[in-house]
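Notes for the structure review
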Amino acid sequence: MNTTEKYSLAEMAIDHALRCGADQVSATIYENRSNDIEIRDQKIDSLKESNRSGLSINLYVNKKYSSHSTNRLKKEDLLKFIEEAVKATKFLAEDEFRALPDPELYYKGGGPDLQTFDPKLDTIDAKTKIDLAMNVLNEAYGKDERIISVSSYYSDSISSSVMVASNGFRGDSSNTRLSLTASVSMKGETGRPNDYWNENALFFDRLVRKDIGSKALERTRSKMNPKKLISGKYPVIVENRVSANLLYPIYQALTGSSLYQKQSFLIGKQNQKITSQLLSAVDDPLIPSGPGSRHFDDEGIAAVRRPIIENGILKSYYIDNYYGKKLGMKPNSGSSSNVICSTGNKNLKELIASVKKGVLITGFIGGNFNGSTGDFSYGIEGFYIENGGLVHPVNEMNITGNMNSFWLNLADLGNDFREGDSLRIPSLLFDNIDLSGK
Amino acid sequence: MNFNRREFIRISGITAAGSLIVPAVFQSCKPQVRLTNDAESYLSHFEVTRQQLEKVISAAMEKGADYADLFFEHTLENYSSLEDNKVNSAFSNVGYGVGIRVLKGDQTGYAYSEAITPEAMLKAARTAANIADSQSKFSPVNITEFTRPDYYPVVSSWEDTSVQQKIPYIQRLNDNIFSADKKVTRVNAVLGDTSSYILFYNSEGLLAWDYRPMVIFGGTCIMEQKGRIENYFAGKSFRMGSEFLTNQIVDEIAREAVEKTSMLFEAGMPKAGEMEVVMGAGDSGILLHEAIGHAFEADFNRKNLSIFADKMGKKVAEDFVNIVDDGTLKGKRGAINFDDEGNPSEKTRIVSNGTLSSFLHDRISAKYYNVKPTGNGRRQDFRNIPIPRMRCTYMENGPHKKEEIIASVKNGVYVDNFSNGEVNIGQGDFTFFVKFGYLIENGKLTRPVKDFNIIGNGPQALADMSMVADDLVITNGMWTCGKNGQGAPNSMGIPTVKIKKLTVGGTNA
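Residues numbered from 1 in each chain as written. Chains lettered and ligands numbered in written order. Predicted model: local features only at pLDDT ≥ 70, side-chain atom pairs only at ≥ 80, totals over all residues. Heavy atoms only, no water.

**Looking at the overall build of chain A**
When helices and strands are counted, chain A shows nine helices and 17 strands. Counting across all 438 residues of chain A, residues that qualify as buried make up 62%. Here the contacts in chain A between residues at least 6 apart in sequence split such that 71% fall between residues at least 24 apart. By element, 48% of the accessible surface of chain A is carried by carbon and sulfur atoms, the whole surface being about 16900 Å². Averaged over its 54 positive side-chain charges, chain A has a centre that lies 3 Å from the centre of its 54 negative ones. (Helix = DSSP H or I, 4+ residues; strand = E, 2+ residues; numbered from the N terminus. Buried < 20%, exposed > 50% of the residue type's maximum accessible area, 1.4 Å probe, protein only. Contact = heavy atoms within 4.5 Å. Areas by Shrake-Rupley, 256 points an atom, 1.4 Å probe, with all protein chains shown as cover. Lys, Arg positive; Asp, Glu negative; His and termini not counted. Charge placed at Lys NZ, Arg CZ, Asp CG, Glu CD.)

Structural data, given as structure tokens:
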């Protein structure tokens, strides 16, 4: 389907829903093509090709709301589906807050090209992709006699969608994504440590295609024979690759649904200090070639750059249309786009050098947080730091605390966020953190 | 991205559920006639003939593959949800298509089509066929029809159950929770049902079909007291039709939600460090799932990645430890009549009298180890490649008593309520997040504790399982396991057990 065909299918769906009795309707038609290649020990393990498409539709019928999706896009199937959906909606309870967004909030078009689509990707043949994966695998394969297995992965996707709303929104977007990953597993004395490295890009020519297998190998080698430390309070550095995990509970707590459902530890905290003043975070949907870049969100609301946290002060929440109405707050998009965090002056090595006795966290395993209270506890792995240098790998430990006080302990930030991530956050140093071990 | 790392098992709670909302009533796109249990009904449901199946399989095999299969799926999902005392939103989804898999040795080619037409199927078959690279002529094998057992009989199908019939039960859950405790300030509830039609055919001529129902029903209770807020999600899941809906099940869920949320106000964090851990009967089966189950999945062992890869036939636990993975328990969320590559479901003994006795196999690994498939080859849907997955994993009863186990602990924790877990297959580290438990001091349960992670090492924890009680409970929680980006429904169970030492997250003085 080209864009015009998608628009006409969306419009047909909307017209039919209105005819069946809906007052307001929005519909999205999406298409996605992807390839996944896995190579293991120089042999192709799996090749997978996906082609999917579908419709999702939101129905507002006499203040009653439902949403639906289907991948059966034949006209007669679709019309029947919509008819049934409108009928079913009538059985639900009324909800005065259900309506499409105010058209004032919609993206009106005319924005610059955000450079999220690479037309070249469609022309790359399977052999080139397999070779890319094979090359990064070969950076590690056979390079250490303790290696058990090396795998590499290539994946890409080409997505496009259009969205139409009956109160005046029309918008389309298209995206390409690629990633190249290597994973190495080795035989240690106490287990089979494994680690990986990956690179992501939106454009084929911009994909980093070297030093992936070698980094995975280096990381795995450094993890041989880990030990656990004595429980206690330590300074902790969280590596850039995983530091976003610690910001996730804050993001979750900032959404309109969490606020309304009282599953947020940040209710009523706007313009108050929620982290150390070192942290600032901006939601910026409009940066060129950002993985989260967009002109409008999934409700059609125009994307705007806005501060989330400024020098530790909470500036704004993530409010979608529905919960905005329920909370009496202006909708500003219920989901994050690209989040750009402040950075410091040190690279990871220099951060490590600044710690006398502490822990570098390079991975999280399991754990969770309580949205209402902010209490959290996660499994970790990483390295013990003494006198500014790494001493030995550590594993089988937990980090535990409360998000409210934890972020006040942020003592320094690295200068090392990863370009390819939609959450650009550097390595972070925290003081006085509870770890449990021996 | 996580590699070799099973991310979780997670309660599909309502928190995740801006998307997990609601409604229901759907018949399918075509007026639905309940299918009878025979091949012709399913063939006509998918508008395919036996001749077409043979033609598509032949195309899949034309590059010299060893094996190919076709997995047709038509799934209808409905969710109805409640917020602010009203069932006021609903969501439905239709998934329809055929996945085509081609195997050459242990290599896999995979493609799928969302249109089930002869042309689209042939195109997908030829794409998947490219995993092999020679030429060969395939002659279709005579079709054998799979005799389907009936591990999840349906009395009344979800497709014949309208949203009007569902709403009163969701409403009752809300009302029961609110009326039980004045501290309740919010309730969110969701009822979700799924009906899947499956038709399977492979290059060995096997033709199988199945109708797979599923229901999830649960609610989040939010209470406030003196400025403090706590929330707890209680829910249940079964492979059942709408006969599942009874006042009794609603009342059970409501009672759990209210009691547990209320108890959270009394609970704090434990002290950090290693200690004895008693895992209460029931959902503590998460220990088996994370610490042992994943590492027994044979893809990890075939690839030598699992810490258990060289332990087959070896003693891994005390004599009284017996662990099974069972797909045949009637109506359980983890039950399956046959797996997603046409192998019969079964009860697989993975640890027998303390000795590792079987891995959990898919077709590729069974061939690699030269054993009979165990019926664990499962896939999220027709868009995904089947891989070894657990079904209902539980431990059989042991010789001890629960009271005697608790009395034996000087300083430890008792836990029986969890939200999620994860494991690192290679290093063997596993975790589970404890939603609620108690400290054990001098043989007695004392202060309630909550919201902490426990981490341990799989082989060590198995060896450290020093007592097993005789009170096995297999639960009906809403467990979904994630692996390689695919979700699979699971059940689990365990009697009360004691582990000599695990690392408990908490605070330090």
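**Quick notes on the overall build of chain B**
In terms of helices and strands, chain B carries 10 helices and 25 strands. For 509 residues, the compact-globule estimate of 2.2 N^0.38 gives 23 Å, and chain B sits close to it at 24 Å. Dimensions along the principal axes, computed over C-alpha positions, put chain B at roughly 75 × 55 × 35 Å. Classification of the 509 residues of chain B by burial places 68% in the buried group. Expressed as a percentage of contacts within chain B between residues at least 6 apart in sequence, the contacts between residues at least 24 apart total 77%. Taken as a whole, chain B presents about 16300 Å² of accessible surface, with 49% of it coming from carbon and sulfur. Charge-centre separation for chain B: the mean point of 57 positive side chains lies 2 Å from the mean point of 61 negative side chains. (Rg over C-alpha atoms; globule rule 2.2 N^0.38 Å.)

**Points about the sheet that holds strand S11 (residues 339-341) of chain A**
Residue and element names in this part refer to chain A. One open sheet holds the five strands; their spatial order is S10-S9-S8-S11-S16, and the pairing between them is mixed. Unpaired on one side and paired on the other, strand S10 (313-314) and strand S16 (423-424) mark the two borders of the sheet. Note: strand S9 (residues 306-310) against S10, two bridges, orientation antiparallel. Among the inter-strand pairings, Glu310 is bridged to a residue of S10, identified as Ile313. (Pairing = 2+ DSSP bridges.)

**Focus on helix H4 (residues 213-222) of chain A**
Residue and element names in this part refer to chain A. Along H4, the residues that are buried comprise Gly213, Ala216, Leu217, Arg219 and Thr220. Projected down its long axis, H4 carries its buried residues within an arc of 165°, all on one side. The inward-facing, buried residues of H4 abut helix H3 (126-138), strand S4 (147-165), strand S5 (169-186), strand S6 (194-201), helix H5 (240-253) and strand S12 (357-369). (Arc of directions from axis to C-beta.)

**Here we look at unusual backbone geometry**
All names here are of chain B. In this model, Lys226 sits at a positive phi of 50°, which is unusual for a non-glycine residue. Following the sequence through the fold, Lys226 ends up in the loop between strand S8 (206-225) and strand S9 (228-238). A positive phi angle is found at Asn304, which is not glycine, with a value near 70°. Mapped onto the fold, Asn304 is located in the loop between helix H7 (298-302) and strand S11 (323-326).

**Topic: the state of the cysteines**
One pass over the full model with this rule turns up zero disulfides over all chains. With no disulfide of its own, Cys392(B) lies closest to Cys481(B) among cysteine sulfurs, the gap being 13 Å. (Disulfide = S-S within 2.5 Å.)

**Let's talk about the interface of chain A and chain B**
Between chain A and chain B, the contact holds 89 residues from the first and 87 residues from the second. Contact between chain A and chain B buries roughly 7400 Å² in total, counting both sides, with carbon and sulfur atoms accounting for 47%. Of all residues in chain A, the largest losses of buried area upon contact with chain B belong to Arg72(A), Arg192(A) and Ile365(A), amounting jointly to 10% of the total for that side. The interface formed by chain A and chain B contains 10 salt bridges. In this structure, Asp106(B) and Arg40(A) form a salt bridge, with 3.9 Å as the shortest nitrogen-oxygen distance. Applying the counting rule to chain A against chain B returns 54 residue pairs in polar contact (both at pLDDT 80 or more). (Buried area = accessible area lost by both parts, 1.4 Å probe. Salt bridge = Lys/Arg side-chain N within 4 Å of Asp/Glu carboxyl O. Polar contact = N/O pair within 3.5 Å; in protein donor to acceptor, adjacent residues only side chain to side chain.)

**Focus: the pairing of S5(A)**
Residues and elements named next belong to chain A. Judged from the 18 bridges that link them, S4 and S5 form a sheet pairing that is antiparallel. Residue pairing in the sheet places Tyr154 in a bridge with Leu180 of S5. A loop of three residues connects S4 with S5, the two strands running antiparallel in sequence, and Gly168 in this loop sits at a positive phi of about 115°. Taken together, the eight bridges between S5 and S6 define a ladder with antiparallel strand orientation. Bridge pairing in S6 places Ser179 opposite Asn200.

**A short note on the pattern of salt bridges**
Residue and element names in this part refer to chain A. Tallied over the full model, the rule gives 68 salt bridges over all chains. Across the salt bridge formed by Glu31 and Lys6, the nearest N and O atoms sit 3.1 Å from each other. Of the two residues, Glu31 is situated in strand S1 (residues 24-40) and Lys6 in helix H1 (residues 3-19); the sequence distance between them amounts to 25 residues. With relative accessibility at 24%, the residue Glu31 sits in the partly exposed group.

**Here we look at the environment of Lys43(A)**
Mapping Lys43(A) onto the fold places it in strand S2 (residues 43-61). Along the chain, Lys43(A) and Ser151(A) lie 108 residues apart, while their C-alpha atoms are 9.2 Å from each other. For Lys43(A), the residues in contact, after removing those within four places along its chain, are Glu38(A), Asp106(B) and Gln107(B).

**Topic: the nonpolar core**
For soluble globular proteins, the rule of thumb is that nonpolar side chains tend to be buried together. Ranked by internal contacts, the top residues of the largest apolar core, which has 91 residues, are Ile57(A), Tyr154(A), Val48(B), Leu70(B), Phe72(B), Ile100(B) and Leu199(B). Ignoring any residue separated from it by four or fewer positions in sequence, one finds Val48(B) in contact with Leu43(B), Leu53(B), Phe72(B), Ile116(B), Met121(B) and Leu199(B). In terms of nonpolar packing, the next biggest core, distinct from the first, is built from 48 residues, Ile350(B), Val413(B), Val423(B) and Val497(B) among them. (Core = buried A, V, L, I, M, F, W, Y, C linked by side-chain atoms within 4.5 Å.)

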